[in-house]
Amino acid sequence: MERKISFGDLQKAVTEAYEQFKTVGDGQVDPRVEGADADKFGIAVVLPSGETITVGDTSVASPMGSISKIPALTTLFEQVKPSEFIGKNACGCRCGGGTKPAKPHIGVSAKGVRLVSALQPQGDPDGKMDIFVSTLESLVASEPVLDDKLYRSLVAKTQELNAVNALAAAEFELFDDSVPSIDMYAKISALTLTATQYATMAATIAADGYNPVSGGNAFDGEIAKNIVGFMAAKGPHKMAKPWLASTGLPAVSSFGGVIMGVLPGTFGIAAYSPLVNGHGVSVRAKKALAYIMQKLDLSALSSSRVTIVKE
């Protein structure tokens, strides 16, 4: 079954979401994101055709945080079959089938560290970082900017928490040396993008690896379903199941205030506001994306294939 939605209706829904939630004052700026303006709010949508909708503050750069796992996964799935990584000791620990231990608290995502540790080339952190950045640039059709102050503060936090020993004590399995793996994940978490760049990344995934802005292929389209599946399972921090059930939008979030979502074959979308709730999820962005999906009756879980058409 196919559905058609006019570009005008999509644009109207995005504008309505912006206007309805731009004055919401719930939440607070994450202390790691120094200097972020609490009033900033923007929504960007990029279609596989390259057409773009932007409303509000879509040119404000915000750190990737956990969203960095998406280009990292894209890089990894280009290097190995998804099943090889997903199926191998998926819990991240040498637990031997017993009770899964708590994730070690190391100041950054332990699973994010494990993910970048699996990237090739092993034992070459500079080469690994170069490949990651190349993948990221092909996804967003532009360059990220490193927030060096944030990067240094994240590294300092991992050192304060003795991250290397914490991972070892928890028997948390890595595929490469822990020190450069922790450092790399801290660095990619501190890379910043704008809402428009995030939406471009999402649109590239929605278009099976074709970047509608650059006009080039960013990755093998066969792995798009694995990336979207990861996003659907993960969801915005601490709210994967209720989010997917209520919005039908595979999405990931950053402590910086971005939620990035993919509606396969239809569009990539991102909303930004630095005011986050207790789980580190942007309050305005969450409300805005849910409104747009529900207003237009969209869902990645629907049997309908949706096409956005010009009037």
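It should be emphasised that the depicted structure is a prediction, and the values quoted were computed from it without experimental measurement. (Residues numbered from 1 in each chain as written. Predicted model: local features only at pLDDT ≥ 70, side-chain atom pairs only at ≥ 80, totals over all residues. Heavy atoms only, no water.)

A few points about the environment of Val 60
Position of Val 60 among the secondary structure elements: in the loop between β4 (52-56) and β5 (62-63). By relative accessible area, which is 23% here, Val 60 ends up partly exposed. Residues Val 60 and Gly 42, 18 residues apart in the sequence, show an inter-C-alpha distance of 8.5 Å. When near neighbours in sequence (up to four residues on either side) are disregarded, Val 60 contacts Lys 40, Leu 193, Thr 194, Ala 195 and Tyr 272. (Helix = DSSP H or I, 4+ residues; strand = E, 2+ residues; numbered from the N terminus. Buried < 20%, exposed > 50% of the residue type's maximum accessible area, 1.4 Å probe, protein only. Contact = heavy atoms within 4.5 Å.)

Some remarks on the nonpolar core
Across soluble globular proteins, you tend to see nonpolar side chains buried next to one another. Within the largest apolar cluster, 63 residues are counted, with the highest numbers of intra-cluster contacts made by Tyr 198, Met 201 and Met 260. When residues in this core are grouped by element, the largest group, eight residues, is from helix α9 (residues 195-206). With residues up to four places along the chain from it excluded, the contact list for Met 201 reads Met 64, Ile 70, Pro 71, Leu 136, Leu 139, Val 140, Leu 193 and Met 260. Formed by 36 residues, the second largest nonpolar core is a distinct cluster that contains Leu 47, Trp 243, Ile 259 and Ile 308. (Core = buried A, V, L, I, M, F, W, Y, C linked by side-chain atoms within 4.5 Å.)

Thoughts on the sheet that holds β5
If you trace the three strands from one edge of the open sheet to the other, you get β5-β7-β6, paired in antiparallel fashion. Edge positions in the open sheet fall to β5 and β6 (145-146), since each of these has one partner strand only. The pairing of β6 with strand β7 (residues 191-193) spans two bridges and is classified as antiparallel. Its bridge partner lying in β7, Leu 146 is registered against Leu 191. Contacting β5 and β7, α9 runs over the sheet at an angle of about 90° to β7. (Pairing = 2+ DSSP bridges. Axes fitted to C-alpha atoms, helices over the stretch in contact; angles between N-to-C directions.)

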